[in-house]
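Letter by letter, the chains look like this.
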Amino acid sequence: MPKPPLRPEALARRIFRGADALESGLLTRAQLRSSAWRPLFRGVYADRDLTITHRLRCLAVSDFLLPEDGVIAGRSAASLYGAPYGADEPVELLTPGRFGPMAGIVVHRGPVPEKDVTRRVDGIRVTTPQRTGWDLARWLDVVEAVALLDVMVSRGAVSVGALTEYAQARIGKPGWGRLLKAAQLVDPAARGAHESRVRVRLVLAGVPAPVVKYVLARDGEPAVRLDLAWPAHRVAVTCADEPAPGPGGEWLTVPADPQRVAADFDSLVRDLKAALRARRPHP
């Protein structure tokens, strides 16, 4: 039976710099390359027993690699405020100085005023929620930015008002208008990135803004929660892969599952606009 790799107690369930483990004599170079450890970034390792999340990767960058004047930013910052982001996605950071390139890290360059920095998430140096919103609006298209901001607002990390105020205080600076537009499109009732993307794309295509997660209740029947709804027209859009039974009755349900949206979003817009035109507003 092969001998299990050495796992010193001092490194168990920890993130560490390989050079430190070698210098202290905890590991040899051969032992550092064993299956007991997982490389996260150049020179930074984690115990294989740790569950690797994006938050943990941000923590590794913050502890061992982040420049003194740098900060976790963009989608990585959004993930620290609750927005979904894949465990193995690159960590985004912002720095006014030189850094990298380094595998697994995306570097944005620019000034980072201290008023835009906080350590309120696990002690990690990260952009404030308002600054995070500004960076998302600058670095991503509006659909993707809103999908992340929907979650941040629904989790209470930031408010639409705070995002709007931040944008208006920076009129004339690059990205202020993009943040203002994104803030106007945010809806904290959204539950899921696909639903957020569908809603924003529809609005940008000229469809009136829907009511998100509209609850339709009838006497004696279970309530139905509709993903996107235009109650006055009795029209709804369902975003699920396998839509649940629709509201029935006088309501018309238009499917917007990921497959349809990816294959022919234009037909969805046409069908929805035609349905809204054909159905007179109902009190």
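Everything below is about the structure shown above.
A quick note: this is a predicted structure, and the numbers were derived from the prediction, not measured.

Visitor: I keep staring at the sheet that holds strand S9 (residues 211–218) and nothing clicks. Help me out?
Guide: Working definition: the strands of a sheet are paired by backbone hydrogen bonds and lie parallel or antiparallel to each other. The sheet built from four strands is open, its strands ordered S9-S10-S11-S12 with mixed pairing. Each edge of the open sheet carries a strand with a single partner, namely S9 and strand S12 (252–255). Across the sheet, the mean angle from the axis of one strand to that of its neighbour is 45°, orientation sign disregarded. Running at roughly 50° to strand S10 (residues 221–230), helix H9 (residues 193–204) makes contact with S9 and S10 of the sheet.

Visitor: Help me out: how do you make sense of the sheet that holds strand S1 (residues 15–17) in this one?
Guide: Overall, antiparallel pairing links the three strands, which are arranged S1-S3-S2 in an open sheet. What marks the edges here is a single partner per strand, and that holds for S1 and strand S2 (37–41). Taking the axes of each pair of neighbouring strands and ignoring which way they run, one obtains an average angle of 35° across the sheet. Relative to strand S3 (residues 44–47), S2 runs antiparallel, the two being bridged by four bridges. When the sheet's bridge partners are listed, Arg38 is paired in S3 with Ala46.

Visitor: Would you take a moment to explain the nonpolar core for this structure?
Guide: The nonpolar side chains of soluble globular proteins are, as a tendency, buried together. Ranked by size, the top nonpolar core spans 53 residues in total, and within it Phe41, Val61 and Ile72 carry the most contacts. Looking at this core, the element that brings in the most residues is helix H6 (residues 142–154), giving nine residues. Once you skip the residues sitting within four places of it in the chain, Val61 turns out to touch Phe41, Leu66, Ile72, Val91, Leu93 and Ile105.

Visitor: What exactly am I supposed to notice about the packing of aromatic side chains here?
Guide: Where two aromatic rings form a pair, the distance of their centres and the angle of their planes describe that pair. Going through the model one piece at a time under the given rule, you end up with four aromatic pairs. Where Phe16 meets Trp37, the ring centres are 5.2 Å apart and the plane angle is 85°; that geometry is what we call edge-to-face. One end of the pair, Phe16, is in strand S1; the other, Trp37, is in strand S2, with 21 residues separating them in the sequence. For the pair Phe16 and Trp37, a shared accessibility class is recorded, and that class is buried. For the ring pair Phe16 and Tyr45, a centre distance of 5.9 Å and an interplane angle of 20° mean the geometry is stacked. Remark: Tyr45 occurs in strand S3 and Phe16 occurs in strand S1; sequence separation between them is 29 residues.

Visitor: Even after reading the chapter, I still don't get the layout of surface pockets, so can you show me in this structure?
Guide: If you roll a probe as big as a water molecule over the atoms, it shows you where there is empty space left. Roughly 220 Å³ of internal volume is contained in the largest pocket. Taken together, 16 residues form the lining of the largest pocket, with Pro111, Pro113, Asp116, Arg131 and Trp134 sitting closest to its centre. Elements represented by at least two residues in the lining of the largest pocket include exactly strand S6 (105–109) and helix H5 (129–139). Considering each element in turn, the lining of the largest pocket owes the most residues, four residues, to H5.

Visitor: Please explain H9 as it appears in this structure.
Guide: In an α-helix, one turn spans 3.6 residues, which is why side chains three or four residues apart end up on the same side. Across its twelve residues, H9 extends 16 Å between first and last C-alpha, which sits within 8% of the 16 Å expected from 1.5 Å per residue. Listed in full, the buried residues belonging to H9 are Glu195, Ser196, Val198, Arg199, Val200 and Leu202. Remark: Gly206 follows H9 within two positions and exhibits a positive phi of approximately 100°.

Visitor: Explanation requested: unusual backbone geometry in the structure shown.
Guide: Outside of glycine, negative phi angles account for most residues, and trans bonds account for most peptide bonds. The peptide bond linking Gly100 to Pro101 adopts the cis configuration, its omega dihedral lying at 5°. Checked against the element boundaries, Pro101 lands in the loop between strand S5 (91–95) and S6. With a phi close to 55°, Arg13 is a non-glycine residue in the positive phi region. Despite not being glycine, Arg234 shows a phi value in the positive range, around 55°. Topologically, Arg234 is positioned in the loop between S10 and strand S11 (235–238). For Arg234, a relative accessible area of 16% corresponds to the buried category.

Visitor: Quick question: what am I supposed to make of the pattern of salt bridges here?
Guide: Opposite charge on two side chains makes pairing possible when the charged atoms of those side chains draw close. Inspection of the entire model under this criterion finds 16 salt bridges. The salt bridge partner of Asp47 is Arg7, with a shortest N-O separation of 2.4 Å. One end of the pair, Asp47, is in strand S3; the other, Arg7, is in the segment before S1, and 40 residues separate them in sequence. For Arg7, a relative accessible area of 33% puts it in the partly exposed group. We note a salt bridge from Arg138 to Asp135, for which the minimum N-O separation is 2.6 Å. Highlighted residues: Arg138 and Asp135, both in helix H5, separated by three residues, approximately one helical turn. Residue classification places Arg138 among the partly exposed positions, given a relative accessible area of 29%. Salt bridges linked by common partners bring Asp116, Arg131, Asp135 and Arg138 together as one network.

Visitor: Sorry if this is basic, but what is going on with the pairing of strand S8 (residues 124–127) here?
Guide: In regular strands, side chains alternate between the two faces of the sheet. The side-chain alternation of S8 yields two buried faces, one formed by Ile124 and Val126 and the other by Arg125 and Thr127. As defined by bridge partners, strand S7 (residues 117–121) adjoins S8 across three bridges and the pair is classed as antiparallel. What sits directly across from Val121, in S8, is Ile124. Hairpin connection, S7 to S8: the antiparallel pair is bridged by two residues, and Asp122 has positive phi, about 55°.

Quick notes on the rules
Residues numbered from 1 in each chain as written. Predicted model: local features only at pLDDT ≥ 70, side-chain atom pairs only at ≥ 80, totals over all residues. Heavy atoms only, no water. Pairing = 2+ DSSP bridges. Helix = DSSP H or I, 4+ residues; strand = E, 2+ residues; numbered from the N terminus. Axes fitted to C-alpha atoms, helices over the stretch in contact; angles between N-to-C directions. Contact = heavy atoms within 4.5 Å. Core = buried A, V, L, I, M, F, W, Y, C linked by side-chain atoms within 4.5 Å. Buried < 20%, exposed > 50% of the residue type's maximum accessible area, 1.4 Å probe, protein only. Phe/Tyr/Trp six-rings, centres within 6.5 Å; stacked < 30°, edge-to-face > 60°. 1 Å grid on protein atoms, 1.4 Å probe; cavity = no way out; pocket = protein on both sides within 12 Å on 5 of 7 lines; lining within 4 Å. Points joined across faces, edges and corners; volume = space filled by probe spheres on them. Expected span 1.5 Å × (residues − 1). Salt bridge = Lys/Arg side-chain N within 4 Å of Asp/Glu carboxyl O.

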